[in-house]
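What follows is each chain in one-letter form.
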Amino acid sequence: MNNYSENSNGMRPAVRRSGRRHFSGLFLSALIAAAMTCSAFLPAAAASADTSEKAAVQELPSVSKEDEAKLLSVFQGALGKVEVDDFCVSDYNRDGKPEAFALVGDEDEFGAYTGSLYFVTENQVTPVITDESFWPYHGDRRMLRFDSCDFYLIGKYYTTGDATYIFGVNENGWYEHVFSLQGMALTQISRSPRMTIVLSEYDREKDKTTELPSGHTWKDYYLYWDGDFKEYGGIEISEADLLTCKGASEYVDMIRKAGCQISRIYYRENGVININYSREDDVSIAYENMTLQLQGDTVTAVTVNEYDDDPLGKLSYGGVYLPALYAERATYPKAFKPVPVEKK
C-alpha cells in the first residue's frame, strides 16, 4: 500500500503525477465489477451487526440546475468552451454554497483519460491535478455522501487497476484526504456509512522452492465512515466457532472435499466472515478464500467470481485475507456471538 506523509491538519495537497500506462479498459472494468460483487450483498444483511448504522446518511442537500449552470459558466469563462468529461456539483462541505470538480481530457481506446482535474467555486477555478492519467468513476460511484460532507472520487490509472483519489472541500478550498490513494475502487454502499475498497495483491500461490509469491488477486475489504475512514477489522475465530452457525457445515465440507486445508478464519463486525484455505502439491501452495455473510445465526456464501466454472471457485477472490489492511484505522468486534433472528 502507499504511504504518504501528511501535514499538520492531517491533509495533504495533491502533487503533479505523470506517466501513462496502457491496460485493457474492458478487463479493468470487469475485474472491478467482480471484486465489488460482494458489496452488493452486504447492505441489508450487515445492518444488524453494523455499529456505524447510527451514522446513516439522512436526506442530503441537493444542488439546483441553476446553481450547476452558474458554476459551469464560471468554469468555461476561465478555460473557454472546452468539452467537460465530468462536472460533479455538490455542497461538499455543507456551507450552503455549491462547488464542483471538473475533469477535462482525452479518452483513449482503453477508457482512461489523460487530462486535468479542476475545482470550481462561484468565484474562481483552481487546478487540482494536471497532466494525469485518470480512471473516471461513473454515476453514484464518483462521490461519497455523508451527513457532514461529500467527497469526490476518481481513479489514478495503473496497468492493473486504479488507486482512488479522495477530494473534499473545507473553508480553505479543496483538499486531498490523507486516505487518498490507499486502495482501489473505493465504493459507498447504498448511501450508507459503509464502503468497500479493493486490495490489489500478488498472493494467489507460492513456489515451495523459491518461497516467491505470484498470481494477481483483487479482494474487497470493508470500511465505514465515523467522521473519518475506519475499517472493519477481523478477529480470528475457530472452525468450531464457525460451525455453530447454521449453513456453515455445507461450506466447510465444500472446502474439505476439494482437498483443501482451512487456515485462518476472520469475523468482522459488519457480519462478514472470511475463510482462508489452501491446496498444496509438490511444487506450490495455492491460496484461496471464501466470504460468508452472517445474519443472526445463519451464514450464506457470497458469490464473488463469475468467471470460474467451479462452484467453489465462484466463492473465492483468490489469495489470503488479512485481519485488517489499515491497522491504525481498524476496529474489531468484542466477541463472536451469533444469535437467532427474532421472527416478527
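Residues numbered from 1 in each chain as written. Predicted model: local features only at pLDDT ≥ 70, side-chain atom pairs only at ≥ 80, totals over all residues. Heavy atoms only, no water.

## What about unusual backbone geometry?
Backbone geometry follows two general trends: most residues other than glycine have a negative phi, and most peptide bonds adopt the trans configuration. Convention followed: Every helix listed is a DSSP run of H or I at least four residues long, and every strand listed is a run of E at least two residues long, numbered separately from the N terminus. The classification of residues rests on relative accessible area computed with a 1.4 Å probe and restricted to protein chains. Under 20% of the type maximum is buried, over 50% is exposed, and intermediate values are partly exposed.
Non-glycine residue Arg-94 carries a positive phi angle of around 60°. Of note, Arg-94 is situated in the loop between strand E2 (86–90) and strand E3 (99–107). Phi angles above zero are rare outside glycine, and Glu-211 is one such case at about 65°. As for its placement among the helices and strands, Glu-211 is situated in the loop between strand E11 (194–207) and strand E12 (213–225). On the accessibility criterion, Glu-211 (47% relative accessible area) is partly exposed.

## Examining the side chain of Glu-176
Put simply, the test is: In the analysis that follows, any N or O atom pair within 3.5 Å is treated as a polar contact, provided that within protein one partner can donate a hydrogen and the other can accept it, and provided that, for residues neighboring in sequence, both atoms belong to side chains.
As for its placement among the helices and strands, Glu-176 is situated in strand E9 (residues 173–177). We classify Glu-176 as buried; its relative accessible area is 0%. A polar atom in the side chain of Glu-176 sits 2.7 Å from the side chain of Ser-180.

## Re the confidence of the model for the protein chain
The following threshold applies: Per-residue confidence from the predictor is reported as pLDDT, a score between 0 and 100. Contacts were defined at the residue level, with two residues in contact if any of their heavy atoms lie within 4.5 Å.
Of all residues in the protein chain, 82% have pLDDT values of 70 or greater, and the mean over the chain is 85. Segment residues 1–28: pLDDT under 50, and 70 contacts once partners within four positions in sequence are set aside and those in other chains are kept. Below pLDDT 50 for its whole length, residues 43–54 participates in 23 contacts with residues either more than four positions away or in separate chains.

## Focus on the nonpolar core
Under the convention used in this document: Joining through side-chain atoms within 4.5 Å is the link that ties buried Ala, Val, Leu, Ile, Met, Phe, Trp, Tyr and Cys residues into a set, and such a set is a nonpolar core.
If you look at the biggest cluster of nonpolar residues, it comprises 30 residues, and the most contacted ones within it are Leu-144, Phe-151, Leu-186, Met-195 and Phe-229. The element that contributes the greatest number of residues to this core is E12, accounting for 5 residues. Of all hydrophobic cores here, the second largest spans 22 residues; its members include Ile-255, Ile-273, Met-290 and Leu-312.

## So, the pattern of salt bridges
Here is the rule: Salt bridges are defined by distance alone: a side-chain nitrogen of Lys or Arg within 4 Å of a carboxyl oxygen of Asp or Glu.
The tally for this structure, following the rule as stated, stands at 15 salt bridges. The shortest N-O distance in the salt bridge between Lys-156 and Glu-132 comes to 3.2 Å. Remark: Glu-132 occurs in strand E5 (residues 125–135) and Lys-156 occurs in strand E7 (residues 150–158); sequence separation between them is 24 residues. Lys-156 sits in the buried class, given a relative accessible area of 7%. By relative accessible area, which is 1% here, Glu-132 ends up buried.

## Focus: helix H3 (residues 65–79)
Short version of the rule: One fewer than the residue count of a helix, multiplied by 1.5 Å, yields its expected span.
If you check H3, its first and last C-alpha atoms are 21 Å apart, about what 15 residues at 1.5 Å a residue would give, namely 21 Å. Positive phi appears at Gly-80, one or two residues downstream of H3, with a value of about 90°.

## Describing the environment of Leu-71
When you line up the elements, Leu-71 lands in helix H3. When sequence neighbours within four positions are dropped, the list of residues in contact with Leu-71 reads Phe-87, Val-89, Pro-98, Glu-99, Ala-100, Val-120, Thr-121 and Glu-122.

## Details of the side chain of Asn-270
Take Asn-270: it is sitting in the loop between strand E15 (261–268) and strand E16 (272–280). Within the structure, the side chain of Asn-270 is placed 3.3 Å from the backbone nitrogen of Val-272, a separation counted as a polar contact.

## Concerning the pairing of E15
Within a regular beta strand, the side chains point alternately toward one face of the sheet and then the other, so they alternate between its two faces. Inclusion rule: DSSP bridges decide pairing: two strands pair if at least two such bridges lie between them.
Examined bridge by bridge, strand E14 (residues 234–237) and E15 share 4 bridges and lie antiparallel to one another. Note that in E15 the partner of Ile-235 across the bridge is Tyr-267. If you look at the hairpin formed by E15 and E16, you'll find 3 residues sitting between the two strands, and Gly-271 has a positive phi there, around 90°.

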